[in-house]
Amino acid sequence: MPDTPQVSPDPPDTVYHPMTGAEGSIIEIERFNLWYGDKQALFDNSIDIQMGLVTALIGPSGCGKSTLLRSLNRMNDLIDGLRLGGAIRLDGADIYHRDIDVIGLRKRMGMVFQKPNPFPMSIADNVTYPIKVDGVRDRRVLQETVERALKAAALWEEVKDRLRDSALGLSGGQQQRLCIARAIAADPDVLLMDEPCSALDPLATAKIEDLIDELRGRYTIVIVTHNMQQAARVSDNTAFMYLGRIVEYGKTKTVFTTPRSRRTEDYVTGRFG
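Because the structure is a prediction, the values reported are computed rather than measured. (Residues numbered from 1 in each chain as written. Predicted model: local features only at pLDDT ≥ 70, side-chain atom pairs only at ≥ 80, totals over all residues. Heavy atoms only, no water.)

1. Digging into the nonpolar core
And step 1. Among the nonpolar cores identified, the biggest contains 46 residues, and Leu 150, Ile 180, Leu 191 and Leu 215 are the most heavily contacted of them.
And step 2. In contact with Leu 215, other than residues within four places in its own chain, are Ala 152, Ile 180, Ile 184, Leu 191 and Ile 221.
And step 3. Ile 27, Leu 42, Ile 49 and Val 224 belong to the second largest nonpolar core, which has 29 residues in total. (Core = buried A, V, L, I, M, F, W, Y, C linked by side-chain atoms within 4.5 Å. Buried < 20%, exposed > 50% of the residue type's maximum accessible area, 1.4 Å probe, protein only. Contact = heavy atoms within 4.5 Å.)

This is the structure we're talking about:
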């Protein structure tokens, strides 16, 4: 079998629907490149992400989706040999500028990972961890944060009578919703989700998708997913990535039903990926 997918050709640098200058953009990615040592992983990517909407990043494994997502809150910074080019701006400020407060940046961008990763502490302490790190000790504020975040994560009714129990005793789907509650406890502007349903069963996945729909508008959500049906269900805009490049970006319905790129069409119709 060939080592690379066999797809119909587009000119190698063609990008369809870049949506730069999109109305209401909160994140602007401009000609962004990333290298791990001598290996380039991201190539000249430029898109704008609109405030309050859900943006999905799709594409075959190894295409750079998670690398781009982790670049948005500088999670890649500790990787040896990392080099960057271009810019990513949050509310107009270059997040890679030498004067940027990286801790402050990450507070503005909550992160939910592929596998649920609750801390080995109580449900309540998991939720309040981000604001306790900031020095919040007022019991009333902590209690209000627990209730607010768990309600926002659609978990309050299931756990309100056992907030002091260990988070590790929750089901996988409940743990992931707890991680979402923890991510939004400090009221970030952006919620980054890296394949948040890949380790969950269909019922738990449906609850997470319903939750994403409920959070739309309150937060700008960027989700990496390998599940094209999920991207079609939950997102407003979709970017298709291939070999480190954003090939096509636009309204989700357009990308899935009338894509301009042959590579996008081949991927969404299942010819490769």
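More follows now that the structure is in view.
2. Describing the pairing of strand E9 (residues 237-242)
And step 1. Most of E9 sits out of view: 6 of its 6 residues are buried.
And step 2. Alternating positions in E9 separate into two faces, Asn 237, Ala 239 and Met 241 on one and Thr 238, Phe 240 and Tyr 242 on the other, with burial throughout.
And step 3. Sheet topology note: the E9/strand E10 (residues 245-251) ladder contains 6 bridges and is antiparallel. Its bridge partner being in E10, Ala 239 is matched across the sheet by Tyr 249. (Helix = DSSP H or I, 4+ residues; strand = E, 2+ residues; numbered from the N terminus. Pairing = 2+ DSSP bridges.)

3. Focus on the pairing of strand E1 (residues 25-36)
And step 1. Note: E1 against strand E2 (residues 39-50), 8 bridges, orientation antiparallel. Across the sheet, residue Tyr 36 finds its bridge partner in E2, namely Lys 39.
And step 2. Hairpin remark: E1 followed by E2, antiparallel, with 2 residues in the connecting loop; positive phi at Gly 37, about 65°.
And step 3. Strand direction decides the pairing type here: E1 and strand E4 (residues 82-90), joined by 8 bridges, are antiparallel. Along E4, the bridge assignment pairs Tyr 36 with Leu 82.

4. Quick notes on the sheet that holds E4
And step 1. With respect to topology, 4 strands assemble into an open sheet ordered E2-E1-E4-E5, the strand pairing being antiparallel. The sheet is open, and its two edges are formed by E2 and strand E5 (93-94), each paired on a single side.

5. Points about the layout of surface pockets
And step 1. Volume-wise, the largest pocket comes out at about 580 Å³.
And step 2. Taken together, 20 residues make up the lining of the largest pocket; nearest its centre are Arg 106, Lys 107, Met 109, Met 111 and Pro 130.
And step 3. Looking at the lining of the largest pocket, the elements with two or more residues in it are helix H2 (102-108), strand E6 (109-112), helix H3 (123-133) and helix H6 (172-184).
And step 4. Classifying every residue of the lining of the largest pocket gives 13 nonpolar, 3 polar and 4 charged. (1 Å grid on protein atoms, 1.4 Å probe; cavity = no way out; pocket = protein on both sides within 12 Å on 5 of 7 lines; lining within 4 Å. Points joined across faces, edges and corners; volume = space filled by probe spheres on them. Nonpolar A, V, L, I, M, F, W, Y, C, P; charged D, E, K, R; others polar.)

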